[in-house]
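The primary structure of each chain is shown beneath.
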Amino acid sequence: MKNLLLSGKMASNVEAPERWYLALLGFAEHFRTSSPPKIRLCVHCLQAVFQFKPPQRIEARTHLQLGSVLYHHTKNSELARSHLEKAWFISQQVPQFEDVKFEAASILSELFCQQNLVDSAKPLLRKAIQISQQTPYWHCRLLFQLAQLHTLEKDLVSACDLLGVGAEYARVVGSEYTRALFLLSKGMLLLMERKLGEVHPLLTLCGTIVENWQGNPIQKESLRVFFLVLQVTHYLDAGQVKSVKPCLKQLQQCIQTISTLHDDEILPSNPADLFHWLPKEHILHSMQAGYLEKAQKYTDKALMQLEKLKMLDCSPILSTFQVILLEHIIMCRLVTGHKATALQEISQVCQLCQQSPRLFTNHAAQLHTLLGLYCISVNCMDNAEAQFTTALRLTTHQELWTYIVTNLASVYIREGNRHQELYSLLERINPDHNFPVSSHCLRAAAFYIRGLLSFFQGRYNEAKRFLRETLKMSNAEDLNRLTACSLVLLGHIFYVLGNHRESNNMVVPAMQLASKIPDMSVQLWSSALLKDLNKALGNNMDAHEAAQMHQNFSQQLLQDHIAACSLPEHNLISWTDGPPPVQIQAQNGPTTSLASLL
C-alpha cells in the first residue's frame, strides 16, 4: 500500500491522480465490505487521499465518505461530524455538486439529532431545502427529513405544513408518486392529531391519485398498502370494526400482490423499505372483533418476520413495531387464559424499552396499562389501581386515556367500596352525553361498565337498558367479546329475576361466542350460570355437563394463575415509577414449572 501511494504521488502524467484515487477508493471499499468489515483500514485508505492535496471535488467527496463511514460504523461521532461539516462547507463552493452537498447535509443533520442537537439540525436542513429546489429528489427527501424531525419533537403542525409544501412541489414537477407519499404522510399525522374532519377529504384525494398513477407495479402496490393502512386505522380509531372489513380484504390482496412481484422490480435503497407481512392493523382488527386466535397467529408471523429483519438492520422502527405487536398479543393472551406467557411478554417490552429511552417515553403509559390488565387477571386489585393511575399520569392520548379510565372503573366496581372515585370516573366517560372520543368500541364498552355497575347495585331494569345498548352497538360492528360479555351478564340478570328461559336464551349464545374467541373468563362465567340454570330447570344431565366444563375451565385458569404468580416477572406489578427495572428479583412462592401447567 505504501509503495502504491508513493508511485501515485511521484507520477507526473495527467491520468495519475485518477489512478491513485481509484486505487485508494477500491481498497477502502474492499475493507468496508469485508466480512467482518475492517473499518479502521477503510478509514486509513480514505485519509490517505488528503496526502495528495486533491482538487475540491475529490476533497469534499472524501470528507463525505469518511464522515458517513465513521457515523455508520463507529462511535467516533465528533470526528464524523468534523468530516461531514467540511464536506458540506467545501461542496457549497463547487458548482453542480448536488449529490455530495445534500447527502452531507442529510447525514450531518441525522448526526446532530443523535447528539440531541436538534437546534443545529433544523437550520441546516432548512438551508439545504432552500438551495435544492432545482434538484427534485433531494428537495423532496430533505423536506421529508425535516418533517420527520418536527414529528419526533411532537410539532405535528409544522410537520404537516412541510408535507403540504412537498405535495405541492411534487405536483408542480409532475411526480404524482411522490405527491401521494407526501399526502399520505400528512394523512398519517392528521390521524395522530385526531383531525378526522381533514383526514377524510385528504384520503379521498389520495385514493384517486393512487388509482390513476401508472408506474412501477411494486411502487403502486406499496402506495395502495400505505393508503389502505390509513383507511383501516381511520375506521379502527372510530371503533368501526365491521366497516373496516372491505379495506382489510383489499389490504390483504395488496400484500399478496406485492409478494408475487419479481425482486428485479423492487428498487429500495434499504432492505427494510418494503414489508412483506401483515401490518399491525390486521392484528388490531382481529382483536377488536374478538377473534383472538387469529390475532395471535398474525402476530406470531409478524414477530418472526421482525426477528429476520432485525438480523439485517437494527433500525429503531423495527423495535417500535415489535413493541406494538407485543402490546396487542399480551392483551390476547390475558383474555385467552395465558397470563404467564403475557407476563413474560410484558417483561420483553420492558427490556426493549430499557434499550431505548425514546421507545419508553412513547410506550410507558401502554406498558403500565398492560400491567394493570394483568393485575386484574390475577385479582391484585390494589396493584391494578396503582398501574392504571400511573398510566393516566403518563398519557396524553385521548383514546388510551378513555380505555384506562374504563378499566379503572371496572376495578372500583369489583372493590365495591370506592363509590366517590367511581362516580367521578363515570361522569367523565358518560356514553349518553359528551363522550370524550369518537370510538364506537369504547363507547359500547362505557355502556357495558354502566350496566355492570347497575347489576351490582341491584338496579336490574337500568342494567338491562345499558346492556341492550351495548349489544346494539357491538352487533353493529362485530365486537364479539363485548357481545359475549353483555349476553352472559343479561343472562345472569334474567336468572336472578327468575326468568330462566330468557336467561338460557342469553347464556347459550354467549358460551358459543366465548368458545369461538376463545375467552376463558366468559367461558368460566357462562358454564357456572349454565350449571345453575339447568339445575333450576331440572335438566340434570346438562347441569352435570356444565359443571364438568366449569371444573375444567377453573383448573386451567388456576394453574395459569399459579404459574404467572410464581414467575420473577410478577414483581413488575409493584413498579409504578421511573424506567423499567433492570433486574427482576425472584419471588418467594410456588416454584411450579410453566411447562407442567400449560
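Residues numbered from 1 in each chain as written. Predicted model: local features only at pLDDT ≥ 70, side-chain atom pairs only at ≥ 80, totals over all residues. Heavy atoms only, no water.

- An unreviewed UniProt entry lists the chain under the name MAU2 chromatid cohesion factor homolog, with Dissostichus mawsoni as the source organism.
- Check the Sequence similarities (unreviewed entry) section of the UniProt entry for the chain; it says "Belongs to the SCC4/mau-2 family."
- The UniProt entry for the chain carries the following text under Subcellular location (unreviewed entry): "Nucleus, Nucleoplasm". (UniProt positions renumbered as here; feature names shortened; annotations may be inferred.)

### Overview of the overall build of the chain
Consideration 1: Looking only at helices and strands, one finds 28 helices and 0 strands in the chain.
Consideration 2: Burial status across the chain gives 51% buried among its 598 residues.
Consideration 3: Excluding contacts between residues fewer than 6 apart, the proportion of contacts in the chain whose partners are at least 24 apart in sequence is 61%.
Consideration 4: By element, 53% of the accessible surface of the chain is carried by carbon and sulfur atoms, the whole surface being about 29000 Å². (Helix = DSSP H or I, 4+ residues; strand = E, 2+ residues; numbered from the N terminus. Buried < 20%, exposed > 50% of the residue type's maximum accessible area, 1.4 Å probe, protein only. Contact = heavy atoms within 4.5 Å. Areas by Shrake-Rupley, 256 points an atom, 1.4 Å probe, with all protein chains shown as cover.)

### Section: helix H7 (residues 118–130)
Consideration 1: A rise of 1.5 Å per residue sets the reference length of H7, with its 13 residues, at 18 Å; its end C-alpha atoms lie 18 Å apart and thus fit the reference within 8%.
Consideration 2: Restricting attention to buried positions, one finds in H7 the residues Val118, Ala121, Lys122, Leu124, Leu125, Ala128 and Ile129.
Consideration 3: Of the surrounding elements, those touching the buried residues of H7 are helix H5 (77–91), helix H6 (98–114) and helix H8 (136–152). (Expected span 1.5 Å × (residues − 1).)

### Thoughts on the nonpolar core
Consideration 1: Membership of the largest hydrophobic core comes to 94 residues, with the highest contact counts inside it found for Ile330, Ile346, Tyr374 and Phe388.
Consideration 2: Sequence-distant contacts of Phe388, that is, excluding residues within four places in its chain, are made with Thr369, Gly372, Leu373, Ile376, Ile404, Asn407, Leu408 and Val411.
Consideration 3: Of all hydrophobic cores here, the second largest spans 75 residues; its members include Ala170, Val210, Trp213 and Cys247. (Core = buried A, V, L, I, M, F, W, Y, C linked by side-chain atoms within 4.5 Å.)

### Examining unusual backbone geometry
Consideration 1: Put simply, Ser35 and Pro36 share a cis peptide bond, and its omega is 0°.
Consideration 2: Take Pro36: it is sitting in the loop between helix H2 (16–32) and helix H3 (39–48).
Consideration 3: With phi around 65°, Lys154 is a residue other than glycine that occupies positive phi space.
Consideration 4: Among the structural elements, Lys154 can be located in the loop between H8 and helix H9 (156–172).

### Topic: the packing of aromatic side chains
Consideration 1: As enumerated under the stated definition, the model contains 11 aromatic pairs in all.
Consideration 2: Pairing Tyr137 with Trp138 gives two aromatic rings, centres 5.3 Å apart and planes at 75°, and the pair type is edge-to-face. (Phe/Tyr/Trp six-rings, centres within 6.5 Å; stacked < 30°, edge-to-face > 60°.)

### Re the pattern of salt bridges
Consideration 1: By the definition in use, this model includes 16 salt bridges.
Consideration 2: Of the charged contacts in the structure, one is a salt bridge between Arg465 and Asp432, with a shortest N-O distance of 3.3 Å. Taken together, the residues Arg465 in helix H23 (residues 460–476) and Asp432 in the loop between helix H21 (419–428) and helix H22 (440–456) connect sequence positions 33 residues apart.
Consideration 3: What makes Asp432 partly exposed here is its relative accessible area of 45%.
Consideration 4: In this structure, the salt-bridge partner of Arg459 is Glu462, at a minimum N-O distance of 2.5 Å.
Consideration 5: Look at Arg459 and you get partly exposed, because its relative accessible area is 37%. (Salt bridge = Lys/Arg side-chain N within 4 Å of Asp/Glu carboxyl O.)

### Here we look at the side chain of Ser503
Consideration 1: Topologically, Ser503 is positioned in helix H25 (residues 500–516).
Consideration 2: Ser503 gets classed as buried once you look at its relative accessible area, which sits at 0%.
Consideration 3: There is a polar contact of 2.7 Å between the side chain of Ser503 and the backbone oxygen of Gly491.
Consideration 4: Excluding residues within four positions of it along the chain, Ser503 makes contact with Gly491, Phe494, Tyr495 and Leu533. (Polar contact = N/O pair within 3.5 Å; in protein donor to acceptor, adjacent residues only side chain to side chain.)

### Things to note about the environment of Trp138
Consideration 1: Here Trp138 is to be found in helix H8.
Consideration 2: Not counting residues within four places of it along the chain, the set of residues in contact with Trp138 comprises Glu98, Asp99, Phe102, Glu103, Ser106 and Ser132.

### A closer look at helix H18 (residues 357–377)
Consideration 1: The end-to-end C-alpha distance of H18 is 29 Å, a good match for the 30 Å that 21 residues give at a rise of 1.5 Å each.
Consideration 2: Maximal helix bending in H18 amounts to about 60°, located at His363.
Consideration 3: Burial of H18 is extensive: 15 of the 21 residues sit out of reach of the surface.
Consideration 4: The first or second residue beyond H18 is Asn379, which carries a positive phi of 65°. (Bend = angle between axes of the 7 residues up to and from the residue.)

### So, the packing of H7 against H8
To describe two helices that pack against each other, one gives the angle between their axes and the distance between the axes.
Consideration 1: Between H7 and H8, whose axes approach to 9 Å, the crossing angle comes to 155°. When the axes of H7 and H8 are compared, the pair comes out roughly antiparallel. Crossing angle aside, the handedness with which H7 passes H8 is left-handed. Contacts from Val118, Ala121, Lys122, Leu125, Arg126, Ala128 and Ile129 in H7 reach His139, Leu142, Leu143, Gln145, Leu146, Leu149 and His150 in H8. (Axes fitted to C-alpha atoms, helices over the stretch in contact; angles between N-to-C directions. Parallel < 35°, antiparallel > 145°, perpendicular 65-115°, else oblique. Left-handed = near helix turned anticlockwise from the far one by under 90°.)

### Observations concerning the confidence of the model for the chain
Consideration 1: With 82% of its residues at a pLDDT of at least 70, the chain reaches an overall mean of 82.
Consideration 2: Looking at the elements of the chain, mean pLDDT is at its lowest for helix H28 (residues 594–597), recorded as 27, and at its highest for helix H19 (residues 381–394), recorded as 95.
Consideration 3: When the criterion is pLDDT under 50, residues 1–17 qualifies, and its contacts beyond four places in sequence or with other chains add up to 15 contacts.
Consideration 4: The low-confidence segment residues 263–292 (pLDDT under 50) makes 88 contacts with residues lying over four places distant or belonging to another chain. (pLDDT = per-residue confidence, 0-100.)

### Points about the environment of Leu205
Consideration 1: Position of Leu205 relative to the elements: it lies in helix H11 (residues 196–212).
Consideration 2: By relative accessible area, Leu205 is classed as partly exposed at 37%.
Consideration 3: For the pair formed by Leu205 and Leu183, sequence separation is 22 residues and the distance between their alpha carbons is 8.7 Å.

### Topic: the packing of H6 against H7
Consideration 1: At their nearest, the axes of H6 and H7 sit 8 Å apart, and the two run at 165° to each other. Judged on the interaxial angle alone, H7 and H6 are roughly antiparallel. For the element pair H6 and H7, the recorded crossing hand is left-handed. Mapping the contact onto sequence places Phe102, Ala105, Leu108, Ser109, Phe112 and Cys113 in H6 and Val118, Ser120, Ala121, Leu124, Leu125 and Ala128 in H7.
Consideration 2: Partitioned by chemical class, the residues of the contact of H6 with H7 number 10 nonpolar, 2 polar and no charged. (Nonpolar A, V, L, I, M, F, W, Y, C, P; charged D, E, K, R; others polar.)

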